[in-house]
Amino acid sequence: MDRWISWFALWTLLLWPGAAGAGALDHLGIEVQTTRARPPLPLRPFDHDWPPADLLPDSRPGLGTLDVAEAWLVEPTTRYGHGVLGDAVEAAGLLAVLRDGRRLSYRLQDDSVFEDLQPRVADLDRDGREEVVVVRSRPGAGAALAVFHVEGGSLRPRAETPAIGRSNRWLNPVGVGDFDGDGWPEVAYVETPHIGGILRIWQLMGDHLVQLGELRGFSNHAIGSRELGLSAILDLDGDGSDDLLLPDATRRSLRVVSFAGRRFADLGRLEHDRPIVTGFTVGDQDGNGRDDVAYGLADGAWILLLR
């Protein structure tokens, strides 16, 4: 279970309301505050204290809660050469560490790479076993979202979205949640976040990913940045479906979007004078037992969305 360092007493001295458009999210029960103090990050211990020897530089493990303890990107390679994440080094391999201690790996052929920095681990079909979700890119075709699973004692591909269709075209995952409220998880990503980003929502059905919806006008990544987490997933309006918080195409506005009933709806928007540049952290920051959201702007200010 995530643990948060309690620094709220210190932040209270450094906060001032109104600097980030207070009132824009009042109807969702959110108080907007701004601080110059970086909020504490959630702490989640690894099951192992070692990284793989061939770890992709600057990558982080995806952590599971069921059968998959960790998932890592490994085997650095320069064979793709896009550099959207700040260098031309991507991963050729995916490693899953299971709860029983087994280490299963999958190595890509020379026609593709994992253009990502952190696998996502989630049970997408509610069978009690977790899948691993990662961005896979190919020359001439660009990026696709790929799902891997453990089958027959091996780590194998299970499903993949259609590739964008052009080389050096990329997508950045938002994450996994029950966005439509049907009780089943979906996966969301922003396609081409630097050029007219499109939010797409997919559901794993058997061995296929089926698109449920798309909406234009988002960007959850700055080109060349190593930070992929410019988004958060929370049920803000209490309707039982997860909402998506992510920047608009300029990254100067936070959009709160619902997909309840498989219909997109804007729940709110928060305007900023500077672009959003940091990852979003989710956790109880004011001690009232409810998850809050924090993220940073290009001028060094931190925005707190307190619930």
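Before any of the text, the structure's been laid out above.
Residues numbered from 1 in each chain as written. Predicted model: local features only at pLDDT ≥ 70, side-chain atom pairs only at ≥ 80, totals over all residues. Heavy atoms only, no water.

Colleague: So what about the pairing of strand E19 (residues 265-271)? Which residues, and what values?
Modeller: Relative to E19, strand E18 (residues 253-258) is paired through six bridges, and the arrangement is antiparallel. The residue of E19 that forms the bridge with Arg 255 is Arg 269. The turn joining E18 and E19, which pair antiparallel and follow one another in sequence, is formed by six residues; a positive phi near 65° is taken by Gly 261. (Pairing = 2+ DSSP bridges. Helix = DSSP H or I, 4+ residues; strand = E, 2+ residues; numbered from the N terminus.)

Colleague: How would you summarise the pattern of salt bridges if you had to cite specific residues and measurements?
Modeller: A side chain of one charge can pair with a side chain of the opposite charge if their charged atoms are brought near each other. What the rule picks out here adds up to 19 salt bridges. A salt bridge links Asp 110 to Arg 79, with the shortest nitrogen-to-oxygen separation between them at 3.3 Å. Placement of Asp 110 in the loop between strand E6 (103-107) and strand E7 (113-114) and of Arg 79 in the loop between strand E4 (68-77) and strand E5 (90-98) is noted, with a sequence separation of 31 residues between them. Among the residues examined, Asp 110 registers a relative accessible area of 62% and is labelled exposed. With its nearest N and O atoms 2.7 Å apart, the salt bridge here joins Arg 200 to Glu 214. (Salt bridge = Lys/Arg side-chain N within 4 Å of Asp/Glu carboxyl O. Buried < 20%, exposed > 50% of the residue type's maximum accessible area, 1.4 Å probe, protein only.)

Colleague: Quick one: what's the story with the sheet that holds strand E17 (residues 243-247), residue by residue and with numbers?
Modeller: Sheet strands line up and pair through hydrogen bonds in the backbone, either parallel or antiparallel. Read across the sheet, four strands follow the order E16-E17-E18-E19 without closing on themselves; strand pairing throughout is antiparallel. Across the chains shown, the open sheet's two edge strands, defined by having one partner strand only, are strand E16 (232-234) and E19. Across the sheet, the axes of successive neighbouring strands diverge by a mean angle of 20°, strand direction being ignored. In the sheet, E17 pairs with E18 via four bridges, with the strands oriented antiparallel. The partner of Leu 246 across the bridge, within E18, is Arg 255. (Axes fitted to C-alpha atoms, helices over the stretch in contact; angles between N-to-C directions.)

Purely geometric stuff here, so don't read any function into it on its own.
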